[in-house]
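The residues making up each chain are set out below.
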Amino acid sequence: MQDKEFNFLQHNEAAWNKQALAQNEWSKAVSSELINDAKGGKWDVHLTPKPLNKEWLGEVKGKKILCLASAGGQQAPVLAAAGASVIVFDISGEQLKQDEKVAERDGLSLQTVQGDMRDLSSFEDETFDIVFHPISNHYVEDVNPVWREAYRVLKKGGALLASFFNPVVFVADRNPQDIKEGIIRPKYTLPYADIKDLDQDQINRKLENNEALVFGHTLADLIGGQLKAGFMIADFTEEMQPNPRFLIDQYLPTFIATKAVKLK
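This write-up is about the structure you can find in this document. (Residues numbered from 1 in each chain as written. Predicted model: local features only at pLDDT ≥ 70, side-chain atom pairs only at ≥ 80, totals over all residues. Heavy atoms only, no water.)

A look at the pattern of salt bridges
Phase 1: Taken as a whole and assessed by the stated rule, the structure comprises 10 salt bridges.
Phase 2: Note that Arg105 and Asp106 form a salt bridge whose closest N and O atoms lie 2.7 Å from each other.
Phase 3: You can call Arg105 partly exposed: its relative accessible area is 41%.
Phase 4: Residues Lys155 and Asp129 are paired through a salt bridge, measuring 3.5 Å at the closest nitrogen-oxygen approach. Of the two residues, Lys155 is situated in strand β5 (residues 154-165) and Asp129 in strand β4 (residues 128-133); the sequence distance between them amounts to 26 residues.
Phase 5: With a relative accessible area of 29%, Lys155 lands in the partly exposed category.
Phase 6: A single salt-bridge network, built from bridges that share partners, covers Asp125, Glu149 and Arg152. (Salt bridge = Lys/Arg side-chain N within 4 Å of Asp/Glu carboxyl O. Buried < 20%, exposed > 50% of the residue type's maximum accessible area, 1.4 Å probe, protein only. Helix = DSSP H or I, 4+ residues; strand = E, 2+ residues; numbered from the N terminus.)

Looking at the packing of aromatic side chains
Phase 1: Taken as a whole and assessed by the stated rule, the structure comprises 9 aromatic pairs.
Phase 2: For the pair Trp16 and Tyr139, a centre-to-centre distance of 5.7 Å together with 85 degrees between the ring planes defines the contact as edge-to-face. Remark: Tyr139 occurs in the loop between β4 and α5 (144-153) and Trp16 occurs in helix α1 (residues 2-21); sequence separation between them is 123 residues.
Phase 3: A residue is classified by how much of its surface remains accessible, and Trp16, at 12% relative accessible area, is buried.
Phase 4: With 5.2 Å between their ring centres and 85 degrees between their planes, Phe123 and Phe128 make a pair best called edge-to-face.
Phase 5: Owing to a relative accessible area of 9%, Phe123 belongs among the buried residues under this scheme.
Phase 6: Given the relative accessible area of 0%, Phe128 is considered buried.
Phase 7: Clustering of aromatic rings is evident, with ring pairs tying together Phe89, Phe123 and Phe128.
Phase 8: Sitting over the face of the ring of Trp43, Lys54 holds its NZ or CZ atom 4.8 Å from the ring centroid. (Phe/Tyr/Trp six-rings, centres within 6.5 Å; stacked < 30°, edge-to-face > 60°. Lys NZ or Arg CZ within 6 Å of the ring centre and 35° of its normal.)

Description of the sheet that holds strand β2 (residues 85-90)
Phase 1: Taken together, the 7 strands give an open sheet; going across it, the order is β3-β2-β1-β4-β5-β9-β8, and neighbouring strands pair in mixed fashion. Strand pairing shows two members of the sheet lacking a second neighbour, β3 (110-114) and β8 (231-239), which therefore form its edges. Pairwise comparison of adjacent strand axes, ignoring direction, gives a mean angle of 15 degrees for this sheet.
Phase 2: The pairing of strand β1 (residues 64-68) with β2 spans 5 bridges and is parallel. When the sheet's bridge partners are listed, Lys64 is paired in β2 with Ser85.
Phase 3: With respect to the sheet, helix α4 (residues 93-106) is in contact with β2 and β3, its orientation differing from that of β3 by roughly 170 degrees. (Pairing = 2+ DSSP bridges. Axes fitted to C-alpha atoms, helices over the stretch in contact; angles between N-to-C directions. Contact = heavy atoms within 4.5 Å.)

Some thoughts on the environment of Asp142
Phase 1: Looking at where Asp142 falls in the secondary structure, it is placed in the loop between β4 and α5.
Phase 2: In this structure Asp142 comes out as partly exposed when scored by relative accessible area, which is 32%.
Phase 3: Spatially, the C-alpha atoms of Asp142 and Pro244 are 26 Å apart, while their sequence positions differ by 102 residues.
Phase 4: Here Asn144 takes part through its backbone nitrogen, which lies 3.0 Å from a polar atom of the side chain of Asp142. (Polar contact = N/O pair within 3.5 Å; in protein donor to acceptor, adjacent residues only side chain to side chain.)

A word on the side chain of Asp90
Phase 1: Of note, Asp90 is situated in strand β2.
Phase 2: The charged side chain of Asp90 is buried without a salt bridge, its nearest counter-charge being Arg118 at 13 Å.
Phase 3: At 3.3 Å, the side chain of Asp90 forms a polar contact with the backbone nitrogen of Ser70.
Phase 4: At a separation of 2.9 Å, a polar atom in the side chain of Asp90 contacts the main-chain amide nitrogen of Ser92. (Lys, Arg positive; Asp, Glu negative; His and termini not counted.)

Focus: the packing of helix α2 (residues 32-39) against α4
Phase 1: Contact pair α2 / α4: the axes reach a minimum separation of 11 Å and the direction vectors enclose 70 degrees. It follows that α2 is roughly perpendicular to α4 by the angle criterion. Considering only the axes of α2 and α4, their crossing is right-handed. Between α2, through Ser32, Ile35 and Lys39, and α4, the contact on the second element is made entirely by Val102, Arg105 and Asp106.
Phase 2: Residue composition of the contact of α2 with α4, grouped by class: 2 nonpolar, 1 polar and 3 charged. (Parallel < 35°, antiparallel > 145°, perpendicular 65-115°, else oblique. Left-handed = near helix turned anticlockwise from the far one by under 90°. Nonpolar A, V, L, I, M, F, W, Y, C, P; charged D, E, K, R; others polar.)

Here you go:
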């Protein structure tokens, strides 16, 4: 199991490096105009496609924020321009370079650290006021270490702002004919894993195309796991997928975001 774990992480790192070099949707650095607006107090960040309710963040000036598994030159530079002290932590070196480029271009102070989102041992206990964790934990096999590490590095009273997919998106067969006919055909049980549930030909295609391997976690791990780590869920939101990829996206909100607070 350890070898498999190492391999999928190494593969996902390479896959995201490729996406960053190709300038995909989550690797296109924000503009200088947007950064200048943020410096002037006009800004938004995203856990889901819609701008995040700023009440979840509160006043960011002077706060220490860890942008966890969210490199790409988008969220972290905006928060830094808004006055926060920001560290970006991500598995992909090329994604982190996007944040570094924006910082250098627009005179921002932010730090980048490469690593596995489940291991934040490079940071001391109670370091951050906010952990900002947009949708990315479906790239690791077990999400519970992410919650435990986020809890550890947050200060008392600090908040974990996280988003993830409703696990229902991982259940259905992805047969194109079913989608064309409007059929949702359950095929996979949760927790889902490409490396467990796809056949070898499908896995080989993903590996050959350098596509990241994904995992579908249960709500018991996604939400219950935060509670077990010690958090109190202070707020919750759902959102429809604006660009449906799966048939189920048309029928229910498949984005979920939570605000979790460390009370002790």
